[in-house]
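The chain contents come next:
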Amino acid sequence: MKPAAILVERNGGSCQRPAVLEVSDLGKQYTRRGSVRPALEGVSLTIREGEMVGLLGPNGAGKTTLLKILATLIEPDSGSVSLFGRDLARDPAWARRRIGLVTCDERSFYWRLSGRHNLEFFATLYGVGRRLARERIDMLLETLGLTEAAGRPYHTYSTGMRQKLAIARGLVADPRFVLYDEPTRSLDPLSAQNIRNWIAENRAAAGNTTHLLATNQLNEAERLCERVLILNRGQLIADASIGAIRARFAAAETATHRIRCRRFSLAGRLHPAPAEGLLEIAAEPAEGESCTLRIRTQAGGAGLSYVLRAILDSGGVVEACETESIPLEEIFCSLVGEPRA
Amino acid sequence: MRLAWAFFRRDAAIALSYRAAFVAQLLGNLLLVGILYFVSRTVGLSKLPSLERYGGNFMAFLLIGVALTDTVLISLFGFAQQVRESQTTGTLEATLVSPVSLPLILLYSSLWGYMMSAVRFLMYLGAGLVLGGLHTGSMNAPATAVLFLLTVMCFFGAGILLAGVVLVVKRGEAIITLGGVLVMLLSGVLFPVSLMPDWLRRIAELIPLTTALEGMRLALLTGAGIVQLAPLLLRLAVFAAVLLAAGVGGLYYAVRLGRRNGSLSQY
């Protein structure tokens, strides 16, 4: 039976754009010495032109298998994949010309060759003309900050530089559909941030290019993608924007708020009142006349109004009030059924 | 053509970046010529009865055997080694996601190896001319060229078939070692096949290198032409057609199998 994603949001505006990728009821299982391990089960999804979609999931969820099927490195057992309206199985070479794969595997380069020579070689594989290849390589090396290192052998590159070169390789043929396989894995926070910034800027400049980004960095998906797909045990369990996922969880559970106020002391004035929607209340250490309250309320209830009214009625002044968003990590763990560490 | 050049340039740059290894390999080939020279002197420079049909000179017999076997081994095992190497270094997936098919990738990846093999082939022939045994007057160049081409085609087919095997079974070193020794033993690389017992000779006839060596020695040492060598050339052409078809079919099957079970880049 075809499993259905537990959280699906039908997008509004992007539905007007043509579908670049349509995956229908995709199934894949690996057989090894008689034992069968399902990798993907009944996965269906659509990605539209210009979108950047995140692919999330715990280790072993099927992300890599899905990416490899899209990159034509693995054949599915069942279902179909259509890229720009063409069946991937019927014309894989046609699809490969339009797909750019950015892998995090630094071994996939020729270590004795320079960064530029590596890019020239892969550009030729994709049939990019000599002059156009030179222009694109120069542009990519410059925007990625690799121009000075371009002539150096690849084995002298740092991990961050190797990852940047992997991005350059994935984009050198100007693909219309880019697959990123954990582009910031094993990078230090600063290098990861640089790569994320570059991807975001490039995406803005690339216009109609479509991107699928597999990552385990939830903040990365939140920063770069307008929609995420979450795989768990080979099944698609969510296909929605991060905002929709948050809203769904916020509606279902509780909300946390921080209220900064003056001329108000919590001592003995307010206590949890479930009947009013106020579940927890605590004061952070006061700073002069100001104090900050942290409250947890029933989502959709009147707990926040209850507290604000109490502050104002006692002569206090509310300086700021903000609602904390639920950490994506918490939502992710909840979706895949694992307790947060 | 640009694609072929890109592969050639890549492999040349990688090979030349290991300067010491590159020079050591050429020196090793020169030393092998020295070994062959002294072995042939030990056996005697006089004409040997068992080599009479090739002109009787053992040094020339050995040099042609070694020169052609060098090219054959490149064809036979070079592709399998490339597949294995690109699996372990991780470059196989990166090339397989490009629009170029695996047989073409293997063909173009062999160009540098073939060029170096041709250089060594000419070096061995040059050594034969300098050290004795080979004479330009007794060489038939057109027949030599046709034989060389057919031999390469035969073993290209066998080589990509073996590459397909390595793609599936991964550890192909044992097969490569065994295959290399068997080819050397049965094809008459270092001694005439006529010295082997009848039953072994019949097996040897099934190996294309036996036919190729016979033809090459006759063309280079006795000046035999294409017409005289026609039966041998025809046999090599049949070998080439069968092995090329089997090789391309086998490799496509292996790639399909690898894509199905997701094991293309595993090693």
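Residues numbered from 1 in each chain as written. Chains lettered and ligands numbered in written order. Predicted model: local features only at pLDDT ≥ 70, side-chain atom pairs only at ≥ 80, totals over all residues.

K.L.:
How should I be thinking about the overall build of chain A in this particular structure?
P.N.:
Scanning chain A from N- to C-terminus turns up 10 helices and 15 strands. A principal-axis box enclosing the C-alpha atoms of chain A has dimensions of 75 × 55 × 45 Å. Counting only residues that meet the buried cut, chain A has 40% of its 341 residues in that class. Considering only contacts in chain A between residues 6 or more positions apart, those separated by 24 or more positions represent 72%. (Helix = DSSP H or I, 4+ residues; strand = E, 2+ residues; numbered from the N terminus. Buried ≥ 20, exposed ≤ 12 C-beta atoms within 10 Å, placed from the backbone. Contact = placed C-beta atoms within 7 Å.)

K.L.:
Sorry if this is basic, but what is going on with helix α6 (residues 189–206) of chain A here?
P.N.:
Because the α-helix completes a turn every 3.6 residues, residues three or four places apart line up on one side. Residues and elements named next belong to chain A. For α6, built from 18 residues, the straight-helix expectation of 26 Å at 1.5 Å per residue is met to within 8% by its first-to-last C-alpha distance of 25 Å. Ile-195, Arg-196 and Ile-199 are the residues of α6 that are buried. The buried residues of α6 occupy one face: seen down the axis, they fall within an arc of 100°. In α6, those exposed residues whose orientation departs by more than 90 degrees from the buried face are Leu-190, Asn-197, Glu-201, Ala-204 and Ala-205. Packed against the buried residues of α6 are α5 (159–171) and α7 (218–224). Immediately downstream of α6, the backbone of Gly-207 shows phi near 65°, a positive value. (Expected span 1.5 Å × (residues − 1). Arc of directions from axis to C-beta.)

K.L.:
Hey, could you run me through the confidence of the model for chain A in this one?
P.N.:
As a note on interpretation, predicted positions should not be read in detail where pLDDT is low. Summary statistics for chain A give a mean pLDDT of 85 and a share of 93% for residues scoring 70 or more. For chain A, the element scoring lowest by mean pLDDT is strand β1 (residues 7–8) of chain A, at 68; helix α3 (residues 115–125) of chain A scores highest, at 95. (pLDDT = per-residue confidence, 0-100.)

K.L.:
Honestly, the packing of helix α2 (residues 19–43) of chain B against helix α6 (residues 111–131) of chain B in this entry has me stumped. Any pointers?
P.N.:
If you want to describe how two helices pack, look at the angle between their axes and the distance between the axes. Residue and element names in this part refer to chain B. Here α2 crosses α6 at 40°, and the two axes come no closer than 11 Å. With respect to their mutual orientation, α2 and α6 come out oblique. Considering the relative orientation of α2 and α6, their crossing is right-handed. Facing Asn-29, Val-33 and Tyr-37 of α2, the residues of α6 in contact are Arg-120, Met-123, Tyr-124, Ala-127 and Leu-131. Tallied by class, the residues present in the contact of α2 with α6 amount to 6 nonpolar, 1 polar and 1 charged. (Axes fitted to C-alpha atoms, helices over the stretch in contact; angles between N-to-C directions. Parallel < 35°, antiparallel > 145°, perpendicular 65-115°, else oblique. Left-handed = near helix turned anticlockwise from the far one by under 90°. Nonpolar A, V, L, I, M, F, W, Y, C, P; charged D, E, K, R; others polar.)

K.L.:
I would appreciate a short explanation of helix α9 (residues 303–313) of chain A in the present structure.
P.N.:
Residues and elements named next belong to chain A. What α9 keeps buried is the set Gly-303, Val-307 and Ile-311. Summarising the axial view, the buried residues of α9 lie within an arc of 70°, below the 170-degree limit, and thus occupy one face. Turned more than 90 degrees from where α9 packs its buried face, Arg-309 and Asp-313 sit exposed. Contacts made by the buried residues of α9 are with β12 (254–262), β13 (278–287), β14 (290–298) and β15 (317–324). Where α9 ends, the next residue or the one after it, Gly-315, has phi of about 90°, a positive value.

K.L.:
Any chance you could explain the packing of α3(A) against α5(A) here in plain terms?
P.N.:
Residue and element names in this part refer to chain A. Where α3 meets α5, the closest approach of the two axes is 9 Å, and the angle between their N-to-C directions is 25°. Taken together, the axis directions place α3 and α5 in an arrangement best described as roughly parallel. Pair α3 / α5 crosses with right-handed handedness. Along the contact surface, α3 presents Gly-115, Asn-118, Leu-119 and Phe-122, while α5 presents Leu-165, Ala-168 and Arg-169. Of the residues in the contact of α3 with α5, the class split is 4 nonpolar, 2 polar and 1 charged.

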